[in-house]
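If you want the building blocks of each chain, they are given just below.
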Amino acid sequence: MAYFRDQMWSILFASLLTVLLMWIVYIVMGMVHKLVITPLRIKRIMNRQGVKGPSAYWVLGNILEMVKINRAEAEKDMKTGDYDIMSHVQPYEAQNCQAYGTMHMWWFGWQATIRIASLDLIKQVLAKDVFTTPQIQFQFLSELLGKGLITTEGEEWALHRQIVNPAFHQEKLKAMVPIMEKCASSMANEWEEKVKHGGGCVELEVSHYMANVTADIIAHTAFGSSYEKGRKVFEHQLSLFNLTFQRFKFLTIPGYRILPTPLNIKILMTQIRISRSLKEIIQARKYVVNMTKNASNGNDLLGLMLTATSQKTQDVKGGKVHFGMQQLMDNCKTFFFAGYETTATLLTWTMMLLASHTTWQECARAEVIDVCGDGDHPFNADMLDKLKMLTMILNEALRLFPPVVDQTKEVVMDVKLGDLDIPKGSTLYFPRLSIHHDPELWGTDVHEFKPERFVNGVAKATKHPLAFMPFSFGPRFCVGQRFAMEEAKSILVVILRRFRFQLSSNYRHAPCFRGTLKPKYGVSVMLESL
Ligand code: HEM
């Protein structure tokens, strides 16, 4: 009997060992494929077609030199009024363009990155939804957002988009304009107090206020009456962003994420805190709707998503995709991540431009007062639609200082783009900032602030329809584009009607990349009440 039992244990042990060995072989083979075979293949195919780039270290790629060069340039300031910012914000890329041409490649860790500057090729890629988010960026984003609109692909993404789209419909957004106005007015009241105490004129760093007011607006429009709790969630999300950003450069090291380092533990704890708070908000909303037998879940983004889905499941080719509590939470995180800093950055740069070009500021003010009335006169979405000059100014700010400076897509199968063979596993990189600053597309005055170039609409402002794409293009274009423009206009209407401002002599012009395109030292203006 004992012999039989020993035999059983030996067989069990041998089986477990075999499974373990097979698993290790599988992992090792996967790594070899990812870190050796695929990079070598990509390099061979691209070099054969004449696409070259700087030599790179194995696994680390060009990250170290890229960080070094970009960091050294970021230490410097630019001359105020100089909007030719490409070689300051992306010096490594600018240097490679000089050395290897506008189409070249570099290695982000083990990820081969191919710079595509041709708008026709970019159009081909963005028009189809067959390319995915590159793996390293995907890891970073999914830690931050879970599985929301930004971090899903294929049919799962289509279901998310179908559910989220109605919440951003023009009619729904109309109802959000008064909320935007209210948040902006409360910021303006605070400014008014400062001006009063400052004897009629005060120096103000606006980026901090723009961040606060956009966070307030997204918390109100996403969570309605649960706004304060929502605001707390967003604060945690901001710390999570900073923590994951610190870890970003280590993501090329396989397995780094699961090591129990203090940073990794902090990230995990913050993620748990965010999920717990969001779950509470959503459950409280469902409870109130059930108790009051209310037919509507509310007109905020959360309510609109709740209405669009009640644990919606859709059959797809490979099985079922599901939209439930987790997906709702992940999309709330997504709205904050995608909508907060981008819009705050747009507003900060617009304030810098209007403070530097006061004639445009006066013209914009005259239009605002003409269309929306002066002082605290309430305004609505229809009025915002009529603000043609303000739209031109915002477009020019988005062109010169696009908050999202570039975009990447991973190629999931070998494809042909124009005459070029692009191997599976490579990442295509679209240089939005460089396209927005290309003299061949915009003319010799490309680096000047000239809102009048948009006077006949976006299509007539440039030589190619894709030369201006701050919100991207194709099926995955920004779902919050209209929201962002309504929000930016609402805030500017409130400011322009109540204040006049000029650039402070303390302003240091240092655009830099920190997730979005930011002014490194903020934007200081001298502010006075009208
Ligand atoms: C000035 C403000 C904004 C800019 C410049 C901007 C820009 C962009 C860009 C370039 C993309 C495409 C990213 C990619 O595919 O890699 C994008 C996607 C997205 N944006 Fe925005 N955005 C802004 C505001 C907003 C706002 C206010 C929201 C929501 C409240 C939002 C939500 C989203 C979402 C959910 C996506 C992913 C769409 C999808 O994959 O289907 N954005 N945005």
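Cut-offs used in this document
- Residues numbered from 1 in each chain as written.
- Predicted model: local features only at pLDDT ≥ 70, side-chain atom pairs only at ≥ 80, totals over all residues.
- Heavy atoms only, no water.
- UniProt positions renumbered as here; feature names shortened; annotations may be inferred.
- Helix = DSSP H or I, 4+ residues; strand = E, 2+ residues; numbered from the N terminus.
- Salt bridge = Lys/Arg side-chain N within 4 Å of Asp/Glu carboxyl O.
- Buried < 20%, exposed > 50% of the residue type's maximum accessible area, 1.4 Å probe, protein only.
- Pairing = 2+ DSSP bridges.
- Axes fitted to C-alpha atoms, helices over the stretch in contact; angles between N-to-C directions.
- Contact = heavy atoms within 4.5 Å.
- Near = heavy atom within 4 Å.
- Polar contact = N/O pair within 3.5 Å; in protein donor to acceptor, adjacent residues only side chain to side chain.
- Nonpolar A, V, L, I, M, F, W, Y, C, P; charged D, E, K, R; others polar.
- Core = buried A, V, L, I, M, F, W, Y, C linked by side-chain atoms within 4.5 Å.

## Re the UniProt feature "transmembrane region" (unreviewed entry) in the protein
Part 1 of the argument: According to UniProt, the positions carrying the feature "transmembrane region" (unreviewed entry) are residues 12-37.
Part 2 of the argument: For residues 12-37, the end-to-end C-alpha separation is 35 Å, with 100% helix and 0% strand making up the annotated structure.

## A look at the pattern of salt bridges
Part 1 of the argument: Counted under the stated rule, the structure contains 23 salt bridges.
Part 2 of the argument: Of the charged contacts in the structure, one is a salt bridge between D382 and K174, with a shortest N-O distance of 3.4 Å. Here K174 lies in helix α8 (residues 170-174) and D382 lies in helix α16 (residues 381-385), a separation of 208 residues in the sequence.
Part 3 of the argument: What makes K174 partly exposed here is its relative accessible area of 29%.
Part 4 of the argument: One salt bridge connects K416 with D421, and the closest N-O pair in it is separated by 3.0 Å.

## Brief notes about the sheet that holds strand β14 (residues 524-529)
Part 1 of the argument: Read from one edge to the other, the open sheet built from three strands follows the order β4-β14-β11, with strand pairing classed as antiparallel. Pairing within the sheet leaves two strands with one partner each, and these edge strands are β4 (202-205) and β11 (499-503). Direction aside, neighbouring strands of the sheet carry axes that sit 40 degrees apart on average.
Part 2 of the argument: When β4 meets β14, the two strands line up antiparallel, connected through four bridges. Opposite L204, over in β14, you have V525 as the bridge partner.
Part 3 of the argument: Against the sheet, helix α9 (residues 177-197) contacts β4, β11 and β14, and its axis sits at roughly 85 degrees relative to β14.
Part 4 of the argument: Here helix α14 (residues 325-356) sits on the sheet and contacts β11 and β14; the angle it forms with β11, its principal contact strand, is near 85 degrees.

## Re unusual backbone geometry
Part 1 of the argument: For V59, which is not a glycine, the phi torsion comes out positive at approximately 65 degrees.
Part 2 of the argument: Relative to the helices and strands, V59 is located in the loop between α1 (2-48) and α2 (63-74).
Part 3 of the argument: The exposure class assigned to V59 is buried, which follows from its relative accessible area of 16%.
Part 4 of the argument: For S472, which is not glycine, the phi torsion reads 70 degrees and is therefore positive.
Part 5 of the argument: Mapped onto the elements of the fold, S472 is located in the loop between α20 (458-461) and α21 (481-498).

## A look at the site of the ligand
Part 1 of the argument: Residues in close proximity to the ligand total 27 residues, the closest being W157, R161, Q407, R476 and C478.
Part 2 of the argument: R161 is positioned with one of its side-chain polar atoms (N or O) 2.7 Å from an oxygen atom of the ligand.
Part 3 of the argument: Note that an oxygen atom of the ligand is positioned 3.1 Å from one of the side-chain N or O atoms of Q407.
Part 4 of the argument: For the shell around the ligand, the secondary-structure elements that each account for two or more residues are α7 (154-164), α14, β7 (407-411) and α21.
Part 5 of the argument: Among the elements that make up the shell around the ligand, the one with the highest residue count is α14 (six residues).
Part 6 of the argument: Class assignment of the residues belonging to the shell around the ligand gives a composition of 16 nonpolar, seven polar and four charged.

## A few points about helix α6 (residues 135-145)
Part 1 of the argument: With respect to burial, α6 is a largely interior element, eight of its 11 residues being buried.
Part 2 of the argument: Taken together, the buried positions of α6 are occupied by I136, Q137, Q139, F140, L141, E143, L144 and L145.
Part 3 of the argument: Considering only its buried residues, α6 is in contact with β1 (105-108), β2 (111-115), α11 (227-248), α12 (262-291), α14 and β7.
Part 4 of the argument: Positive phi appears at G146, one or two residues downstream of α6, with a value of about 65 degrees.

## Considerations on the nonpolar core
One recurring pattern in soluble globular proteins: nonpolar side chains tend to sit buried together.
Part 1 of the argument: Ranked by internal contacts, the top residues of the largest apolar core, which has 151 residues, are W191, M210 and L428.
Part 2 of the argument: Excluding residues that lie within four positions of it along the chain, L428 makes contacts with I114, I116, V125, F131, Q407, T408, K409, V411, L417 and I422.

## A short note on the environment of M305
Part 1 of the argument: Mapped onto the elements, M305 comes out in helix α13 (residues 301-308).
Part 2 of the argument: M305 sits 153 residues away from T152 along the chain, and the two C-alpha atoms are 17 Å apart.
Part 3 of the argument: Once residues lying within four places of it in the same chain are set aside, the contact partners of M305 are I163, V164, L328, N331, C332 and F335.

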